[in-house]
Amino acid sequence: MWRAFTRLIAITVESSSSAQGATPHRLLTQQFQAHSHQQINYLSLLNNRKMSSEKPKVVFVLGGPGAGKGTQCSKIVQRFQFTHLSAGDLLREERAREGSQFGQLIEDYIRNGQIVPVEVTCSLLENAMKNSGKTRFLIDGFPRNQDNLDGWNRQMDGKADMQFVLFFDCAEDVCVERCLGRGQSGSGRSDDNMESLKKRIQTYNNDSLPIIKFFEQAGQVKTIDASPDAEKVFEEVERVFLANGFQ
Ligand SMILES: Nc1ncnc2c1ncn2[C@@H]1O[C@H](COP(=O)(O)OP(=O)(O)OP(=O)(O)O)[C@@H](O)[C@H]1O
Ligand SMILES: Nc1ccn([C@H]2C[C@H](O)[C@@H](COP(=O)(O)O)O2)c(=O)n1
């Protein structure tokens, strides 16, 4: 955990801040140091429920911001027996939960297009898996960086079987247009704006693409062209699931 904090403290964050003389970097650094002094108990996020006795099957769903991951996950849920768990949605829920000790930290990361420490995200995912009582999961927007992947391997080792990575390949300008469109139609998301998007895209290129490449080299990636309309994209997605034995 200390290793994670040391790295967090080194993060450089560019954002606007009204506080006099306080750079955004310094503000976040102070916040993380405060959190570390409180000795955050990440385990407080985990409940005691057991995972279903059948080992859960997991499909990781990755792609740029706005590539259409959530849209396609809804369609997969309707067609196949999967439960959709969006890491971003779980983080937003935790941010909004009254009394959460992680709310402000999550907000700072999301607004700055950075990836929340895996201890938080993976615990939220594991809980959601346990609470659902289900055994097939689409894990959307995770693992997004090396920290996510390492944390998943540590925490979920032997607890779930990853089937494949569904990668929605989408040009940057299309992703931007879709996210801005989503913002304009009232998503209410604090990161559907050009300033956050620039950072999210940078994080995606620097941190997420190498993870997709890693899975690709292991032969575990199913790439889908995400640029056509959603129905057309789903035709490809459906083929992948059928070819991998899902009915
Ligand atoms: N194939 C598509 N063609 C056009 N618009 C799409 C398509 N798929 C999704 N959209 C629209 O683009 C926006 C982003 O889609 P969605 O929320 O599914 O993306 P996402 O990859 O889950 O995004 P994020 O990673 O930011 O959560 C939404 O407004 C959605 O309606
Ligand atoms: N593994 C993850 C997934 C998401 N987040 C944070 C940072 C993202 O910009 C934000 C929104 O995610 P989205 O809904 O676009 O998938 O949530 C993270 O830190 N770690």
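Residue numbers restart at each chain and count upward from 1, following the sequence in its written direction. Each chain gets a letter, beginning with A, and each ligand a number, beginning with 1, in the order they are written. Restriction of local features to residues with pLDDT of at least 70 applies here, the model being predicted, together with a cutoff of 80 or more for giving and counting side-chain atom pairs; totals for whole chains, interfaces and linings are based on all residues. Water and hydrogen atoms were dropped before computing side-chain values, which therefore reflect all heavy atoms in the structure.

The name an unreviewed UniProt entry gives the protein is UMP-CMP kinase, with Drosophila albomicans as the organism. UniProt positions are given in the numbering used here, feature names are shortened, and annotations may be inferred rather than shown by experiment. Recorded under Function (unreviewed entry), the UniProt text for the protein is reproduced unchanged: "Catalyzes the phosphorylation of pyrimidine nucleoside monophosphates at the expense of ATP. Plays an important role in de novo pyrimidine nucleotide biosynthesis. Has preference for UMP and CMP as phosphate acceptors." Its UniProt record gives the protein the following Sequence similarities (unreviewed entry) comment, quoted word for word: "Belongs to the adenylate kinase family. UMP-CMP kinase subfamily."

Caption draft 1: Layout of the layout of surface pockets. Both site types are read off a 1 Å grid over the protein atoms alone. A 1.4 Å probe that fits but cannot get out defines a cavity, while an open set with protein on both sides within 12 Å along at least five of seven lines defines a pocket; lining residues have an atom within 4 Å of a point. Grid points are joined across faces, edges and corners, and a volume is the space filled by probe spheres set on the points. The space that makes up the largest pocket amounts to roughly 830 Å³. Lys-69, Arg-144, Arg-182, Arg-189 and Arg-200 are the residues nearest the centre of the largest pocket, which is lined by 42 residues in total. Breaking the lining of the largest pocket down by element, the ones donating at least two residues are helix 3 (69-79), strand 2 (83-86), helix 4 (87-96), helix 8 (172-184), helix 9 (194-217) and helix 10 (230-243). Counting residues per element, the lining of the largest pocket draws most heavily on helix 4, which supplies five residues. All amino acids are sorted into three groups, where Ala, Val, Leu, Ile, Met, Phe, Trp, Tyr, Cys and Pro are nonpolar, Asp, Glu, Lys and Arg are charged, and the leftover types, Gly among them, are polar. Here the residues of the lining of the largest pocket sort into 14 nonpolar, 17 polar and 11 charged. Only DSSP runs of H or I with at least four residues qualify as helices, and only runs of E with at least two residues qualify as strands; both kinds are numbered from the N terminus onward.

Caption draft 2: Representation of unusual backbone geometry in the model. Of note, the amide linkage connecting Phe-142 to Pro-143 takes the cis form, showing an omega dihedral of -5 degrees. Mapped onto the elements, Pro-143 comes out in the loop between strand 3 (136-140) and helix 7 (146-156).

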